[in-house]
Amino acid sequence: MQEVGDEVFNCIDEANAIINDVKAHVAEIVISSKLVSSATKIYLNIRTIESATCCVQVTGRGFKIVSSQYDTIDEEPALGSDGEPEEEEIFETPYALLDKISPRYVESFGNKLCQQLRQLQQMRTEFHEEDEEEDEDE
């Protein structure tokens, strides 16, 4: 395992937490069964809501897209529109990565948040109504 500050980075635990956290906002996200993981890195295959696929390397440094195909690491860096190799982009969070590659991720995340807020509001309303009924009974 890799030390990150005072915390120990556990790739399997981190990958499972990421999967559980974002699975509602992607079409598919799984740990790669073909690429070899280690104590310091693991690979996730992601298919966005828009059906774009990528393979992402997860390390203590962050999240890096290593290919546009599942279970693959591109040997040569992608070329930009100017024909020059693109600069390696490492995202600090899975949310930043998804925000970059999946326009509908933001919409999905926002809809889920609104749904949770509505549920909270409904619970508060029901709780408040119960309090009022108890006050009337006394």
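Residues numbered from 1 in each chain as written. Predicted model: local features only at pLDDT ≥ 70, side-chain atom pairs only at ≥ 80, totals over all residues. Heavy atoms only, no water.

1. With respect to the overall build of the protein
- When you go through the protein residue by residue, the secondary structure sums to three helices and six strands.
- Listed N to C, the secondary structure of the protein is β-β-α-β-β-β-β-α-α in terms of helices and strands.
- Put simply, of all contacts in the protein between residues at least 6 apart along the chain, 43% involve residues at least 24 apart.
- Working note: accessible area of the protein is about 9700 Å², and carbon and sulfur atoms make up 47% of it. (Helix = DSSP H or I, 4+ residues; strand = E, 2+ residues; numbered from the N terminus. Contact = heavy atoms within 4.5 Å. Areas by Shrake-Rupley, 256 points an atom, 1.4 Å probe, with all protein chains shown as cover.)

2. Focus: empty space enclosed by the protein
- Applying the stated criterion across every chain, the model contains one cavity of 30 Å³ or more.
- Approximately 50 Å³ is the volume found for the largest cavity.
- In this structure, the largest cavity is lined by Ile18, Val22, Ile29, Leu44, Ile46, Val56, Phe63, Pro94, Leu97 and Leu98.
- For the lining of the largest cavity, the elements supplying multiple residues, two or more each, are α1 (11-22), β4 (41-47) and α2 (94-101).
- Considering each element in turn, the lining of the largest cavity owes the most residues, three residues, to α2.
- The class makeup of the residues in the lining of the largest cavity is ten nonpolar, no polar and no charged. (1 Å grid on protein atoms, 1.4 Å probe; cavity = no way out; pocket = protein on both sides within 12 Å on 5 of 7 lines; lining within 4 Å. Points joined across faces, edges and corners; volume = space filled by probe spheres on them. Nonpolar A, V, L, I, M, F, W, Y, C, P; charged D, E, K, R; others polar.)

3. Describing the pattern of salt bridges
- Applying the stated criterion across every chain, the model contains four salt bridges.
- A salt bridge links arginine 61 to glutamate 88; the nearest nitrogen and oxygen atoms lie 3.8 Å apart. Here arginine 61, found in the loop between β5 (53-59) and β6 (62-67), pairs with glutamate 88, found in the loop between β6 and α2; they are 27 residues apart in sequence, far enough to count as distant.
- A salt bridge links lysine 64 to glutamate 88, with the nearest nitrogen and oxygen atoms 3.0 Å apart. In this pair, lysine 64 sits in strand β6 while glutamate 88 sits in the loop between β6 and α2, placing the two residues 24 residues apart along the sequence. (Salt bridge = Lys/Arg side-chain N within 4 Å of Asp/Glu carboxyl O.)

4. Observations concerning the nonpolar core
- With 18 residues, the main nonpolar core has Ile29, Leu44 and Ile46 as its most contacted residues.
- In terms of residue count, the dominant contributor to this core is α1 (five residues).
- Beyond its immediate stretch of four places on either side in the chain, isoleucine 46 contacts Val26, Glu28, Ile29, Ala52, Thr53, Cys54, Val56, Tyr70, Leu97 and Leu98. (Core = buried A, V, L, I, M, F, W, Y, C linked by side-chain atoms within 4.5 Å. Buried < 20%, exposed > 50% of the residue type's maximum accessible area, 1.4 Å probe, protein only.)

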